[in-house]
Amino acid sequence: GDGHPLFSRDCLEVELEVGGRILTLYVNHFKSMMGGRAKTRPRRELQVGRVAEILKERWGGDGYKGNFAVLGDFNDYVDGATSLSALVGSPHLVNILERMPEAERWTHFYNRGSEYRQLDYILLPKAFDARAGKPVPTVMRKGMPLRATRYTGPRFDKVGQNKPKASDHCPVVVEIPVAALV
């Protein structure tokens, strides 16, 4: 409505053939909070809402039972002011990071407020998640700068106090058995 594309970094739909079956990934990088969370929330809400519509159009007819995942940098966290409700609040999807202890779910470190938050997600449809055995993801933090002191494990060579670093986000990894694909 403002003359700009809805997605500054499009919702990438990727179909992977795995074991003769298709796994569809919806890879997202929603609007950042730069400029303030409240100010940028409406843009993220529109993006999240559009992804929810895409899922409904493609998977809603069969009760969201397909082989798909919604993932990426959602650039918001879940609380009473979240912009992510249309996805993380969906009765059809599960945020698999919720299986981890709350203190271990963080995927992003913001230095100014010493904030550790989950901004990165893997959402699976409930039926696919069940077929996959309700897998527990891993958050890889080796690339975090040393200033992220909550993480005390090994880091990549030459990671510094602030720079160099791999990112201010951590990759989220999950193993899905091929047998879970229908």
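All of these numbers come straight from a predicted model, not from anything done at the bench.

Colleague: Which residues make up the overall build of the protein, and what values do they have?
Modeller: Along the backbone of the protein there are three helices and nine strands. Relative to the compact-globule value of 16 Å for 182 residues, the protein shows a C-alpha radius of gyration of 17 Å, a close match. Structurally, the protein occupies a C-alpha span of about 50 × 45 × 25 Å along its principal axes. Counting only residues that meet the buried cut, the protein has 42% of its 182 residues in that class. Across the protein, every contact between residues at least 6 apart in sequence was considered, and the portion connecting residues at least 24 apart equals 68%.

Colleague: So, the sheet that holds strand 7 (residues 120–125): which residues are in play, and what are the values?
Modeller: Across a sheet, strands are paired by hydrogen bonds formed along the backbone, either parallel or antiparallel in direction. Taken in spatial order, the five strands line up as 1-2-3-7-4 in an open sheet, and their pairing is mixed. A single partner strand is all that each edge strand has here, and the edge strands are strand 1 (12–18) and strand 4 (93–95). With strand direction ignored, the average angle separating the axes of adjacent strands in the sheet is 25 degrees. In terms of strand pairing, strand 4 meets strand 7 through three bridges, oriented antiparallel. Bridging from a neighbouring strand, Val-94 pairs with Leu-124 of strand 7. Against the sheet, helix 1 (residues 37–59) touches strand 1, strand 2 (21–29), strand 3 (68–73) and strand 4, its axis set at about 165 degrees to strand 2.

Colleague: Describe the pairing of strand 1, listing the residues and the values that go with them.
Modeller: In this sheet, strand 2 lies alongside strand 1 in antiparallel orientation, the contact comprising seven bridges. Residue pairing in the sheet places Glu-15 in a bridge with Thr-24 of strand 2. Where strand 1 folds back on strand 2, the antiparallel hairpin that results is connected by two residues, among which Gly-19 adopts a positive phi of roughly 60 degrees.

Colleague: Please provide a residue-by-residue account of the side chain of Arg-37, values included.
Modeller: Mapping Arg-37 onto the fold places it in helix 1. Judged by relative accessible area, Arg-37 falls into the buried class, the value being 17%. When near neighbours in sequence (up to four residues on either side) are disregarded, Arg-37 contacts Arg-44, Asp-76, Tyr-77, Asp-79, Ala-81 and Thr-82.

Rules behind the numbers
- Residues numbered from 1 in each chain as written.
- Predicted model: local features only at pLDDT ≥ 70, side-chain atom pairs only at ≥ 80, totals over all residues.
- Heavy atoms only, no water.
- Helix = DSSP H or I, 4+ residues; strand = E, 2+ residues; numbered from the N terminus.
- Rg over C-alpha atoms; globule rule 2.2 N^0.38 Å.
- Buried < 20%, exposed > 50% of the residue type's maximum accessible area, 1.4 Å probe, protein only.
- Contact = heavy atoms within 4.5 Å.
- Pairing = 2+ DSSP bridges.
- Axes fitted to C-alpha atoms, helices over the stretch in contact; angles between N-to-C directions.

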